[in-house]
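Each chain, letter by letter, is given below.
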2 protein chains.
Amino acid sequence: MDNFTFYSPTYFSFGKDTETEVGAYVKKFGGTKVLLHYGGGSVVRSGLLDRVKESLLKEKIAFVALGGVKPNPRDDLVYEGIKICKSEGIDFILAVGGGSTIDSSKAIAAGTLYEGDFWDFYQGKPIEKALPVGTVLTIAAAGSEGSPSSVITKLSDNLKRGTSSDLIRPKFSLLNPALTMTLPPYQSASGIADIMAHLLERYLTKTKNVEVTDRLIEALLITMLMEGPKVIENPKDYEARANIMWAGMMAHNNSVGVGRTQDWASHAIEHELSAQYDVAHGAGLAVIFPEVLNYTMDQDLLRFARLGANVFGVPYDYETPKNTALEGVKRLRNFFNSLGLPSTLSELGVKEQDLDEMAHRACYGNGRLGFLGGFSNLGEEDVKNIYKNLL
Amino acid sequence: MDNFTFYSPTYFSFGKDTETEVGAYVKKFGGTKVLLHYGGGSVVRSGLLDRVKESLLKEKIAFVALGGVKPNPRDDLVYEGIKICKSEGIDFILAVGGGSTIDSSKAIAAGTLYEGDFWDFYQGKPIEKALPVGTVLTIAAAGSEGSPSSVITKLSDNLKRGTSSDLIRPKFSLLNPALTMTLPPYQSASGIADIMAHLLERYLTKTKNVEVTDRLIEALLITMLMEGPKVIENPKDYEARANIMWAGMMAHNNSVGVGRTQDWASHAIEHELSAQYDVAHGAGLAVIFPEVLNYTMDQDLLRFARLGANVFGVPYDYETPKNTALEGVKRLRNFFNSLGLPSTLSELGVKEQDLDEMAHRACYGNGRLGFLGGFSNLGEEDVKNIYKNLL
């Protein structure tokens, strides 16, 4: 096991009606004037935003509302948020929404206490201070409610980049599974794929003898296989929503990923899709990940055979473990399909003529040096092959 | 899933030589004058205490040393620690040792900032403030390095009682698996049993549809089955020590136990052994737990059959699931035996004439109302039977 540090100080309140406590939590963590950041649509329609406002007013907490966050959150709204926070003397950012809203909030939180351009943090500059962030989560997917990371898209040149710092970990996150019941099935399915991708990125490791985290990751993957179909079948299944919601947090706060190298090639490969075509991140991952697994399995066949056997219940082929590995990946793709997710790039509207440029950007964008993945170590040609195999 | 809150803000630094950073961590968390609390024996002999002192001196942090913590830590040393802290103006408690030393440190931390008798907190009074605590862990067992709880024995009337508060969660814990390599095999085995007991107490639940935590608990139990024998076979197996150490933390910081009722009858039943006979807590649990499982399995046979199948690899008997359940418990007992742990109370020196009194104290001591266990709901007669079945 590799040496590591782990620090996850977010206060979680989980369960029915937890969003009604939000005012008290903002107060507890020192907020007196809040930027209330959200997307739109269902957060407004469902009355959630009103309930949140009511809870803030009850605690006499002032707020300025800033809606309009879109999936794959963008720098323009971050700049707008920072401007508001600076001019209004905001001291707390409250995200009401999913990963996009939380990521945008984290960017605003860091940018507000910085004299320069917040984008510096997404080009590698370490964050030195940030306003506190709290969240009311409305979709189980990104894990941003318990993670130190944030991904923002720069509109001017379609760059999608991330930053990570314990300073932008949410102070509190309120997780009410009932809030996720109104998600359209495709979005629920994308969230499930996103959570599983976070687990698989951690599963792909070069570190040996990491039984404890291997087992924990496998446990969460199996949970997704068992609970995922339930919410597609019945979106109002509170218990399944609850299991998925906690699994989504655990998948990405890194308690199951410590002490081991991780991969993250699939995320980089997918980010180009989201940046170019604005596809749902999880749907893109559902297309990309199985192919990356097939493409890289020869580097550690026994790990992939273990995945097939332990997670997907494939009978172990001791003579040809690769059969176990391949069948596992096949079952993963079938699982995503069964949730209504695509399995080709064409279904996502991706055009063949863009693939070369996308592969180049995946490997050399974001300050990368031509190779992707702590495990899979893919070069530009590999990424091109992966894209083309998926057309 | 039941509503819950979860807050685990301990900073973990895990891996080789992490104890040499202790001075910097004390400084980071505001300590300027430290009570250096430890047991004795190997912490001194191995040179660990000297390395810790050196690290404190390097950061110019003053300290007062207080050794002598014994397994099943006692109130007399807590009183002594509180007295020192008050008179010396100590502002940070540093525990160097295992669960006993950490629990004693937590008691001192709360007692120092309290005008009354610290024992009040162990009789139900909520802790309102406490000095910060940090730990250098030397045994994987109690999970106190990441938990909000502390158990202390009151010598005058042999009472063993616990308290729990987020205020006494360690600010940091330094986990170097290499420090556990010098443990005698019996102590390593007791630690393994203790960790598994923490998991099983959480596994026994009345809450339905908690797949995510069921799977996570199973994952950690399997990890213990796979890694435990390795450290008995080869105490210097760093990787196995590392897997067990992280599993021990995860088993008890409650991230795998949230949202569900838990049992804890076995701990109460075992505490009487430790209080009367001063047996190693984990060894006592290794004797008690399998019998509690057998005694209570009829209350939810399918849960116990699942345990047998998913954790102990028992082929599932669909006609008579109880066979699967019973075989699972048998394998658990065999596993403990294979580590060199006892399976009867006689081996622990327990005398039959004490059992009635112990059963009474287990059920009515600590402010209990005659029944034990959130799942098993055992009365005085039940506890007597369990003790007697184990003679």
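Nothing here was measured: the structure is a model prediction, and the numbers come from that model.

### Focus on the relation of the copies chain A and chain B
Piece 1. Mapping chain A onto chain B is achieved by rotating through 180° and translating by 0.0 Å along the same axis, at an RMSD of 0.0 Å. Seen this way, the second copy is the image of the first under a two-fold rotation axis. For chain A, the residue whose C-alpha comes nearest the rotation axis is Pro9(A), separated from it by 1.9 Å.
Piece 2. Taken as a fraction of all interface residues of chain A, those also at the interface in chain B reach 97%, which identifies the copy contact as same-surface.

### Observations regarding the packing of helix H9 (residues 265–277) of chain A against helix H10 (residues 281–296) of chain A
For any two helices packed against each other, the geometry is given by the interaxial angle and the distance between the axes.
Residue and element names in this part refer to chain A.
Piece 1. Where H9 meets H10, the axes come as close as 9 Å, and the angle between the chain directions of the two elements is 135°. With respect to H10, the element H9 is oriented oblique. Helix-helix and strand crossings are classified by hand; for H9 and H10 the assignment is right-handed. The segment H9 lies against H10, with Ser266, His267, Ile269, Glu270, His271, Leu273 and Ser274 engaging His281, Gly284, Leu285, Ile288, Phe289 and Val292.
Piece 2. Tallied by class, residues from the contact of H9 with H10 come to 6 nonpolar, 6 polar and 1 charged.

### With respect to unusual backbone geometry
Piece 1. Notably, Asn254(A) is not glycine yet its phi reads approximately 80°, a positive angle.
Piece 2. Assignment of secondary structure puts Asn254(A) in the loop between helix H8 (238–252) and H9.
Piece 3. In this structure, Asp17(B) takes a positive phi of about 65° despite not being glycine.
Piece 4. The partly exposed category is assigned to Asp17(B), whose relative accessible area is 49%.

### Here's the deal with the pattern of salt bridges
Piece 1. According to the stated counting rule, one finds 36 salt bridges over all chains in the structure shown.
Piece 2. Lys384(A) is the partner of Glu381(A) in a salt bridge, and the nearest nitrogen-oxygen pair spans 3.2 Å. Placement of the pair is Glu381(A) and Lys384(A) together in helix H14 (residues 380–389), with a separation of 3 residues, close to one helical turn.
Piece 3. With relative accessibility at 15%, the residue Lys384(A) sits in the buried group.
Piece 4. Where Glu88(B) meets Lys33(B), a salt bridge forms, and the shortest distance between an N and an O atom there is 3.3 Å. With Glu88(B) in helix H4 (residues 75–88) and Lys33(B) in strand S2 (residues 33–38), the pair connects residues that are 55 residues apart, well separated along the chain.
Piece 5. Given a relative accessible area of 37%, Glu88(B) falls into the partly exposed group.

### What to know about the confidence of the model for chain A
Low pLDDT means the predicted atomic positions in that stretch should not be read closely.
Piece 1. Of the residues in chain A, 100% reach a pLDDT of 70 or more, and the chain-wide mean stands at 96.
Piece 2. The ipTM assigned to the predicted complex is 0.97, against a pTM of 0.97.

### A look at the side chain of Thr138(B)
Residue and element names in this part refer to chain B.
Piece 1. When you line up the elements, Thr138 lands in the loop between strand S5 (133–137) and strand S6 (149–154).
Piece 2. Side-chain polar atoms of Thr138 contact the backbone nitrogen of Gly98, separated by 3.4 Å.
Piece 3. Once residues lying within four places of it in the same chain are set aside, the contact partners of Thr138 are Val43, Leu48, Gly97, Gly98, Leu179, Thr180 and Leu183.

### With respect to the interface of chain A and chain B
Piece 1. Every contact between the two is made by 39 residues of chain A and, on the other side, 38 residues of chain B.
Piece 2. Viewed at the interface, chain B and chain A are joined by 0 salt bridges.
Piece 3. Our count for the chain A to chain B interface comes out at 16 residue pairs in polar contact (both at pLDDT 80 or more).
Piece 4. Listed by contribution, the elements that provide at least two residues to the side of chain A that touches chain B are strand S1 (4–14), helix H7 (211–233) and H8 of chain A.
Piece 5. If one sorts the elements of the side of chain A that touches chain B by residue count, S1(A) sits on top with 11 residues.
Piece 6. Among the residues making up the side of chain A that touches chain B, the classes are represented as 22 nonpolar, 10 polar and 7 charged.
Piece 7. When S1(A) meets strand S1 (residues 4–14) of chain B, the two strands line up antiparallel, connected through 9 bridges.

### A few points about the sheet that holds strand S4 (residues 92–97) of chain B
Piece 1. The sheet built from 12 strands is open, its strands ordered S3(A)-S2(A)-S4(A)-S5(A)-S8(A)-S1(A)-S1(B)-S8(B)-S5(B)-S4(B)-S2(B)-S3(B) with mixed pairing. Each end of this open sheet is capped by a strand with a single partner; those strands are strand S3 (62–66) of chain A together with strand S3 (62–66) of chain B. Pairs of neighbouring strands in the sheet enclose a mean axial angle of 25°, with direction left out of account.
Piece 2. In this structure, S2(B) lies alongside S4(B), joined through 5 bridges in parallel fashion. Considered in S4(B), the bridge of Val34(B) is made with Phe92(B).

### Some remarks on the packing of helix H6 (residues 185–203) of chain B against helix H8 (residues 238–252) of chain B
Residues and elements named next belong to chain B.
Piece 1. Relative to each other, H6 and H8 sit at 35°, their axes nearing to 9 Å. Classified by chirality, the crossing of H8 by H6 is left-handed. Within the contact between the two elements, H6 uses Ser188, Ile192, Ile195, His198, Leu199 and Arg202 and H8 uses Arg241, Ile244, Ala247, Gly248, Ala251 and His252.
Piece 2. Here the residues of the contact of H6 with H8 sort into 6 nonpolar, 4 polar and 2 charged.

### Topic: the environment of Gly97(A)
Residue and element names in this part refer to chain A.
Piece 1. Of note, Gly97 is situated in strand S4 (residues 92–97).
Piece 2. For Gly97, a relative accessible area of 4% corresponds to the buried category.
Piece 3. Between the alpha carbons of Gly97 and Val69 there is a distance of 9.0 Å; along the sequence they are 28 residues apart.
Piece 4. When sequence neighbours within four positions are dropped, the list of residues in contact with Gly97 reads Ile102, Val136, Leu137, Thr138 and Ile139.

### Comments concerning the environment of Ala275(A)
Piece 1. Mapped onto the secondary structure, Ala275(A) falls in helix H9.
Piece 2. With residues up to four places along the chain from it excluded, the contact list for Ala275(A) reads Asn158(A) and Lys160(A).

Cut-off values and rules
Residues numbered from 1 in each chain as written. Chains lettered and ligands numbered in written order. Predicted model: local features only at pLDDT ≥ 70, side-chain atom pairs only at ≥ 80, totals over all residues. Heavy atoms only, no water. Least-squares fit on C-alpha atoms with pLDDT ≥ 70 in both. Contact = heavy atoms within 4.5 Å. Axes fitted to C-alpha atoms, helices over the stretch in contact; angles between N-to-C directions. Helix = DSSP H or I, 4+ residues; strand = E, 2+ residues; numbered from the N terminus. Parallel < 35°, antiparallel > 145°, perpendicular 65-115°, else oblique. Left-handed = near helix turned anticlockwise from the far one by under 90°. Nonpolar A, V, L, I, M, F, W, Y, C, P; charged D, E, K, R; others polar. Buried < 20%, exposed > 50% of the residue type's maximum accessible area, 1.4 Å probe, protein only. Salt bridge = Lys/Arg side-chain N within 4 Å of Asp/Glu carboxyl O. pLDDT = per-residue confidence, 0-100. Polar contact = N/O pair within 3.5 Å; in protein donor to acceptor, adjacent residues only side chain to side chain. Pairing = 2+ DSSP bridges.

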